[in-house]
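Report on the structure
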Amino acid sequence: MRRRSAREGANSALIVLLLAGAAVGVNMIADRRNVSWDTTSGGIYSLSPQTIRILEELDRPIRLVVLDQPRAAGPVVDLFQRYADESGQVSWEVIDQEAEPVRARVYQATTEAGIPFGTIVVEADGRQERAGGAGEQDLTNAIVRVLKGETRKVYFTTGHQERSMDEPGAGGLSAIASRLVDSNYEIAELPLLAAVAGGEAAIPEDAAAVIVAGPRLDLIEAEAEALAASVRAGGKLMLLVDPVDPPGADDDRQQLIGLAEEFGVAPAGDVAIDASGVGQLFGFGIEAPLAASYGFHPITRGFETAATVFPLAQSLIEPDPEDLPEGVRVSELVLTSDAAWGEEDEAELASGEVNAGEGERTGPLALAFAVTVATEPGAEPAEEGVAEAVGPEGAAEDGTPPPTEGRLVVVGDTDFIGNNLALAPLGNADLFLNMVNWLTEDEDLIAIRPRSADDRRITMTAAQVRNAVLFTVVFLPGFFLIWGASVWWSRR
């Protein structure tokens, strides 16, 4: 050991042992705490705020199961692990139905001859829910369904030429209806006219919310009174009020307009025009305002950077707070840019050449409002965005039950949830679902929902393809070949 070579060898061995110990320690820490960084532009490998909020608030264990061969379940396992990293209440397992048929049979429906490969099941409290697919949105929706254990019912009124939930065209609502079903809502039609008996219309008792989606014909007085009475009694209502057709003409839907005005929101009877040029960057015209800002409200939480578009929308007028009915609070949700104005000239709208005229309302214009209505005389609705401390039974800390309140959302447009925009990579569908979540008092589900990967394909002409091939295969390699040959020749 006195020799120099022995000391150097011992020193090297000690360094190797220390490095090996450090590597083991780092791996042990990494095994206990998984940290990753998502550098994709759309964050496709990160969980959405909605999913993270649900996982952080889990109060019971849930189990994720995929029935598939282990070598084929890699992408699903990666997704499961991201969920488990966010909450210690989440566990997961892969079950091969071919290798373990007895264990897999627990998840087989009675009408199935066999379990399809790739089936994902969420378990909690002895209940099971299948995910509709292998994506984050499908898995999160299955978690919501198994935790809630109940389905809320949302009614869409009919009988006044409203938008149809079954229409697959650009202006139909079939896409947004499908999103509601995926979010654990049951949807149904509500023919108000057929429900009128003895001069009164009845709102179903199981209605978590009623949506009046862009009626072209007016409500009858009994229908409007029934909807208003429902809100005053603690019911939930959404009014999507398109501009009159043709735009700029007199609006004969007096009962519909009066229903919104009864709770402090007045449709302006114009068409919102946005000359800022921002909407044109996304391929929309000036008649499709791009939302520039959002009000402070649970519905718009997390929408600071989300883009929403409202084609052919009319602006809404908020009354002076002193003129609001007792117990009514109105909150702005969506605002246009300062460059917008409310066009009222029918001739200009018909010609397509519009200019801000004298007396027309200028931006920022409000396109959507949320209204809370106290159900007790003299009471005031709770401040938006402020949650009261509640006990295990939903009562306040002092033991008193939480006060009920009617809720109303008014939007000056229906096109923003048409199939063409509900399926677009915009925030329109998220905003609408947040509105429904707030109306049905499912505020825990309000957030930006999972996004899919952006389509980044490049469309090239034949000439562009030829030039790209010549540049990358001929000119670029040829340049370096000639340069290298010249350097070699000069050194020689």
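The structure this text deals with has already been given above.
Owing to the predicted nature of the structure, the values given are computational and were not obtained by experimental measurement. (Residues numbered from 1 in each chain as written. Predicted model: local features only at pLDDT ≥ 70, side-chain atom pairs only at ≥ 80, totals over all residues. Heavy atoms only, no water.)

Some details on the pairing of strand β15 (residues 328-335)
For β15, the tally of buried residues reaches seven of eight residues, placing the bulk of the element in the interior. Pairing of strand β13 (residues 293-294) with β15 involves two bridges; the strand directions are antiparallel. Among the inter-strand pairings, Tyr294 is bridged to a residue of β15, identified as Val334. Sheet analysis places β15 next to strand β17 (residues 366-374), joined by seven bridges and oriented antiparallel. Note on β17: the bridge partner recorded for Arg329 is Thr372. (Buried < 20%, exposed > 50% of the residue type's maximum accessible area, 1.4 Å probe, protein only. Helix = DSSP H or I, 4+ residues; strand = E, 2+ residues; numbered from the N terminus. Pairing = 2+ DSSP bridges.)

Here we look at helix α8 (residues 254-262)
Among the residues of α8, those classed as buried are Leu256, Ile257, Leu259 and Ala260. Projection of α8 onto a plane perpendicular to its axis shows the buried side chains occupying an angular sector of 155 degrees, all on one side. On its buried face, α8 sits against α7 (221-232), β10 (236-240), β11 (266-267) and β18 (405-411). Note on α8: the residue one or two positions beyond its end, Gly264, has a positive phi of about 95 degrees. (Arc of directions from axis to C-beta. Contact = heavy atoms within 4.5 Å.)

Looking at unusual backbone geometry
The phi torsion at Asp125 lies on the positive side, around 55 degrees, for a residue other than glycine. Structurally, Asp125 is set in the loop between β3 (119-124) and β4 (127-130). Judged by relative accessible area, Asp125 falls into the partly exposed class, the value being 48%. Of note, the phi angle at Gln161 is positive, near 60 degrees, even though the residue is not glycine.

Quick word on the side chain of Thr51
Looking at the element boundaries, Thr51 is found in helix α2 (residues 49-56). Here Thr51 falls in the buried class, since its relative accessible area comes to 1%. A polar side-chain atom of Thr51 sits 2.7 Å from a polar atom in the side chain of Glu136. (Polar contact = N/O pair within 3.5 Å; in protein donor to acceptor, adjacent residues only side chain to side chain.)

Things to note about the packing of α7 against α8
Contact pair α7 / α8: the axes reach a minimum separation of 9 Å and the direction vectors enclose 20 degrees. Judged by the inter-axis angle, α7 sits roughly parallel to α8. As α7 packs across α8, the resulting crossing turns out to be right-handed. Of α8, the residues touching α7 (which contributes Glu221, Ala224, Leu227, Ala228 and Arg232) are Gln255, Leu259 and Glu262. Of the residues belonging to the contact of α7 with α8, the class tally is four nonpolar, one polar and three charged. (Axes fitted to C-alpha atoms, helices over the stretch in contact; angles between N-to-C directions. Parallel < 35°, antiparallel > 145°, perpendicular 65-115°, else oblique. Left-handed = near helix turned anticlockwise from the far one by under 90°. Nonpolar A, V, L, I, M, F, W, Y, C, P; charged D, E, K, R; others polar.)

Notes on the pattern of salt bridges
Taken as a whole and assessed by the stated rule, the structure comprises 16 salt bridges. In this structure, Arg163 and Asp242 form a salt bridge, with 3.6 Å as the shortest nitrogen-oxygen distance. One end of the pair, Arg163, is in the loop between β5 (152-158) and α6 (174-182); the other, Asp242, is in the loop between β10 and α8, with 79 residues separating them in the sequence. Among the salt bridges present, the one from Asp430 reaches Arg179, with a minimum N-O distance of 3.7 Å. (Salt bridge = Lys/Arg side-chain N within 4 Å of Asp/Glu carboxyl O.)

Quick look at the sheet that holds β4
The strands making up a sheet are joined through hydrogen bonds of the backbone, oriented either antiparallel or parallel. Taken in spatial order, the four strands make up an open sheet running β2-β1-β3-β4, and their pairing is mixed. Only two strands of the sheet have a single partner each, and these edge strands are β2 (90-95) and β4. Looking at each pair of strands side by side, their axes are set apart by 20 degrees on average, direction ignored. Relative to β3, strand β1 (residues 62-67) is paired through five bridges, and the arrangement is antiparallel. Note that in β3 the partner of Val66 across the bridge is Ile120. Set on the sheet, helix α3 (residues 74-86) makes contact with β1, β2 and β3; between it and β2 the angle comes to about 165 degrees.

What about the environment of Gly264?
Assignment of secondary structure puts Gly264 in the loop between α8 and β11. Considering only alpha carbons, one finds Gly264 and Ile317, 53 residues apart in sequence, at a separation of 8.6 Å. With sequence-adjacent residues up to four places away left out, Gly264 is seen in contact with Ile317, Glu318, Pro319 and Leu324.

Things to note about the nonpolar core
In this structure, Phe432 and Met435 are the most contacted members of the largest nonpolar core, which totals 42 residues. For this core, the secondary structure elements donating two or more residues are β5, α6, β9 (207-213), β10, β15, β17, β18 and α12 (428-439). It is α12 that contributes the most residues to this core, eight residues altogether. Apart from the residues lying within four places of it in its own chain, the contact partners of Phe432 are Phe156, Ile176, Leu180, Ile211, Met238, Phe416 and Ile417. (Core = buried A, V, L, I, M, F, W, Y, C linked by side-chain atoms within 4.5 Å.)

Here's the deal with a negative patch on the surface
Residues Glu318, Asp320, Glu322, Asp323 and Glu332 make up a contiguous surface patch of negative charge. Residue position: Asp320 is located in the loop between β14 (316-317) and β15. (Patch = residues over 30% accessible without salt bridge, like charges linked within 9 Å, V, L, I, M, F, W, Y side chains within 5 Å. Areas by Shrake-Rupley, 256 points an atom, 1.4 Å probe, with all protein chains shown as cover. Lys, Arg positive; Asp, Glu negative; His and termini not counted. Charge placed at Lys NZ, Arg CZ, Asp CG, Glu CD.)

From the geometry alone we can't say anything about function, so treat these as descriptive.
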